[in-house]
There are 2 protein chains.
Amino acid sequence: MNISKRIQSVPPSTIMELLTFAAKAKNQGKKVYHLNIGQPDIITPEGFLKAIREYKGEVLEYALSEGLPELIEAIRKYYTNYNLDFKNDEILITNGGSEALLFTMLTICDEGDNVLVPEPFYSNYFNFSKSVGVNINPITTLAENGFHLPGKEEIVSKINDKTKAILFSNPGNPTGVVYTKEELEMVADIAVEHNLWIIADEVYREFVYEGEYVSIGTLDKVKDRVIIVDSVSKRYSACGARIGSLASKNKPFMEGILKLCQARLSVPTLEQLGAIELYKTDNSYLKEVNEEYRQRRDVLYNELIKVPGVICKKPSGAFYIVAKLPVKDADHFTKWLLSDFDINGETVMPCPAEGFYQTPGLGVDEIRLAYVLNTKDLSKAATILKEGLETYLKLNK
Amino acid sequence: MNISKRIQSVPPSTIMELLTFAAKAKNQGKKVYHLNIGQPDIITPEGFLKAIREYKGEVLEYALSEGLPELIEAIRKYYTNYNLDFKNDEILITNGGSEALLFTMLTICDEGDNVLVPEPFYSNYFNFSKSVGVNINPITTLAENGFHLPGKEEIVSKINDKTKAILFSNPGNPTGVVYTKEELEMVADIAVEHNLWIIADEVYREFVYEGEYVSIGTLDKVKDRVIIVDSVSKRYSACGARIGSLASKNKPFMEGILKLCQARLSVPTLEQLGAIELYKTDNSYLKEVNEEYRQRRDVLYNELIKVPGVICKKPSGAFYIVAKLPVKDADHFTKWLLSDFDINGETVMPCPAEGFYQTPGLGVDEIRLAYVLNTKDLSKAATILKEGLETYLKLNK
């Protein structure tokens, strides 16, 4: 009566220990600016709740397993703005991007298979993979290069006969990297040459602050092998809705994953009704949100790089920055910020980045910062972080 | 770039072909009474929508991965009515009973392990198991015995060194069987003697029409190995809410499955707020619903057994009847009902029961009926079914 080996191989959440430090700081009367989590503070478009409030059904019935047709149609239409021409039967609604990822893993990988993932990566990629017996072959990217991809040879060297896919988020969580068209072309070439699926997690698609955004789904040569994972969580600041989706032109994949969707019956009916309205939100909303995040990024980034020894290229997307600090142990630095440092009773909590790496030893001197506070608070938080880092470096010379 | 073997091993849904027959019948102007699906027609308690309409948050945030504390507390309190004394940290909220089942499988079984399940069983047990590489060792139960469990020896003979659990629904879907205390004691003894987990799917707990209902969670000897899967879907006719839960006193299990809950972040916030109110519904609601279903069962059962050769013990629970018919092929009979039979332009659609069996050849002459229509419609549907069956038998003598 043991727990399965696969679940044993999933690491327990490490955030709890740090949150205990944060709680202690708060108990001591300190204000803590949280830059450690990806919960945006942006107001959810009111259409979401409005649609749900207007629901008149007397019996709250199952929705179709593939999702409400109106929501699928709204997403199909939305994708045309990005030159992605999916048909309605090439889109499925899921319980968040999370379910889309888990079901995709199950559908394309058997136990012992592996997927390539540029590291640092969203740590739940690891947890989902391990929980279904799939391994990740990490492709290490570096702060010095702004976490852009290494050359083709290095990526190809990670492929073996059990490799089924390349999975990445673009724009990237946790790095904020936005891949260039050339990088995506390289990934596409590799996928074609080695017959791999491409799982593109594009939930931060609107959060690009410089340059052109290209979805790998627009590249003709891989149209039959791309699986796009998507979600309303970040786009419309509706994390609690848990509405995600999958899009793929690969028929066997869609038929396979539909079996899982049918087994779990359906996605909440009301949340789907709300999500339909989200996709009707005026484009000005997304533009304003984009501008807001761009300003925040600049505030945080400009303060951070004032400290000599910090290695960080300005990221172009998502709402995260990963920075390499001139410290030995970012976890220790974070705990110190919470327990031993403050400016006028205020401190800041970054997220140590080691958990975003699979390769042992990497990321121990890095932090991830989520710029999910308004500019005024973020500006304070950035100053506290900068001065905290300077003080910490003096103390630990 | 193939689909995984595990997903290939999940059978595609067979209902679509039959629904095509139903659609044709409707196109020809026939009315079809659907007894084939478990979507209740009972009105959802209004507290659910009321709570959601009153939500005032501006940012729809992630909920805690374990579920909203108020909902967990509501479920803890609800369980005390059944002598189940769970603590709050022994309960987790899930995306429907479906996610609870899938995550439980992943947490207690590795690839190649198996679980015992009395057959006929809810067909998604099979689909979830196969999709994560777990096998089902079926324990065949018979219409002649009202689908009660066979003796201990027969069950034990299905156990091997890869057997991790016994999984059953009680009251049963698709059979409506309610296990006696003696049967549950036997299951508990087997679990203790062979060190097995017990996964008790008790989503139909309120739908018991005769005798006492006993949850296996109340038996002291197995308190450390019982996992209760639950859901608001049937209890409160809120299938579209997708709010399920898990309860277990086994700490390693709860720690293990929490990792999966954390990876998928959270369950929809609003649906949980609604569910809190569901659990506050006055008990008179559940009593009325129980009485309504009891009447329906009687209407359907009494008509069905008028046909000589039909084998069916009166089921005591859930809202299903499985009947063995004096036909060769219940699938053929169902299609015939839809395409070749009607009474005054009306016909009926049962669900062929073969899909609820894993053992090849079993169930081909059985149907499952869900009594999810009001008594007046159900009465008509029952008559049509009875007369249809009589006509079919004459034609196929």
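Residues numbered from 1 in each chain as written. Chains lettered and ligands numbered in written order. Predicted model: local features only at pLDDT ≥ 70, side-chain atom pairs only at ≥ 80, totals over all residues. Heavy atoms only, no water.

With an unreviewed UniProt entry as reference, chain A is termed Aminotransferase, source organism Terrisporobacter othiniensis. Recorded in UniProt for chain A, the comment headed Cofactor (unreviewed entry) runs: "pyridoxal 5'-phosphate". (UniProt positions renumbered as here; feature names shortened; annotations may be inferred.)

Undergrad: Teacher, can you tell me more about the sheet that holds strand E3 (residues 114-119) of chain A here?
TA: Residue and element names in this part refer to chain A. If you trace the 7 strands from one edge of the open sheet to the other, you get E2-E8-E7-E6-E5-E3-E4, paired in mixed fashion. Looking at which strands have only one partner, the edges of the open sheet turn out to be strand E2 (91-95) and strand E4 (135-140). Strand-to-strand, the axes of this sheet are offset by a mean angle of 25°, without reference to chain direction. Pairing analysis gives 6 bridges linking E3 to E4, with the strands arranged parallel. Across the sheet, residue Asn114 finds its bridge partner in E4, namely Asn135. In this fold helix H9 (residues 251-263) packs onto E2, strand E6 (197-201), strand E7 (226-231) and strand E8 (243-248), with an angle of close to 35° to the strand it touches most, E2. (Pairing = 2+ DSSP bridges. Helix = DSSP H or I, 4+ residues; strand = E, 2+ residues; numbered from the N terminus. Axes fitted to C-alpha atoms, helices over the stretch in contact; angles between N-to-C directions. Contact = heavy atoms within 4.5 Å.)

Undergrad: Just to check I follow, could you spell out the confidence of the model for chain A for this structure?
TA: When pLDDT drops low, the exact placement of atoms in the prediction is not to be read closely. When pLDDT is averaged along chain A, the result is 95; 100% of the residues meet or exceed 70. Overall fold confidence for the complex sits at a pTM of 0.95, while the interface term, ipTM, reaches 0.95. (pLDDT = per-residue confidence, 0-100.)

Undergrad: Which parts of the structure should I look at to understand the packing of aromatic side chains?
TA: Each aromatic ring pair is specified by the distance between its two centres and by the angle formed by the two planes. Scanning the entire structure with this criterion turns up 46 aromatic pairs over all chains. Ring plane angle 75° and centroid distance 5.7 Å describe the contact between Phe168(A) and Tyr179(A), whose orientation is recorded as edge-to-face. One end of the pair, Phe168(A), is in strand E5 (residues 163-169); the other, Tyr179(A), is in the loop between E5 and helix H8 (181-193), and 11 residues separate them in sequence. Since its relative accessible area comes to 3%, Phe168(A) is described here as buried. A network of ring pairs unites the aromatic residues Tyr78(A), Tyr79(A), Tyr82(A), Phe86(A), Tyr213(A), Tyr236(A), Tyr279(A) and Tyr285(A) as a single cluster. Sitting over the face of the ring of Phe21(B), Lys24(B) holds its NZ or CZ atom 5.7 Å from the ring centroid. One Lys or Arg, Arg205(B), reaches over the ring of Tyr82(B) and ends 5.5 Å from the middle of that ring. (Phe/Tyr/Trp six-rings, centres within 6.5 Å; stacked < 30°, edge-to-face > 60°. Buried < 20%, exposed > 50% of the residue type's maximum accessible area, 1.4 Å probe, protein only. Lys NZ or Arg CZ within 6 Å of the ring centre and 35° of its normal.)

Undergrad: Sorry, what's going on with the relation of the copies chain A and chain B here?
TA: Here the second copy of the chain follows from the first by a rotation about an axis and a shift along it. Mapping chain A onto chain B calls for a rotation angle of 180° and an axial translation of 0.0 Å; the resulting RMSD is 0.0 Å. Both copies are brought into coincidence by an operation consistent with a two-fold rotation axis. Rotation axis and chain A: the residue whose C-alpha lies nearest the axis is Arg53(A), separated from it by 2.5 Å. Taken as a fraction of all interface residues of chain A, those also at the interface in chain B reach 100%, which identifies the copy contact as same-surface. (Least-squares fit on C-alpha atoms with pLDDT ≥ 70 in both.)

Undergrad: Could you clarify how one ought to interpret the UniProt feature "domain: Aminotransferase class I/classII large" (unreviewed entry) in chain A in this entry?
TA: The residues that UniProt annotates with the feature "domain: Aminotransferase class I/classII large" (unreviewed entry) are residues 31-344 of chain A. Taken end to end, residues 31-344 of chain A is 37% helix and 16% strand, and its two terminal C-alpha atoms sit 9 Å from one another.

Undergrad: I'm lost on the packing of helix H11 (residues 283-304) of chain B against helix H13 (residues 375-395) of chain B in this one. Help?
TA: Any two packed helices are characterised by how steeply their axes cross, that is the angle between the axes, and by the distance between the axes. Residue and element names in this part refer to chain B. Relative to each other, H11 and H13 sit at 15°, their axes nearing to 8 Å. Here H11 is positioned roughly parallel relative to H13, judged by the angle of their axes. Two packed elements cross with a definite hand, and for H11 against H13 that hand is right-handed. Of the residues in H13, those in contact with Glu292, Gln295, Arg296, Val299, Leu300, Glu303 and Leu304 of H11 are Thr375, Leu378, Ser379, Ala382, Thr383, Leu385 and Lys386. (Parallel < 35°, antiparallel > 145°, perpendicular 65-115°, else oblique. Left-handed = near helix turned anticlockwise from the far one by under 90°.)

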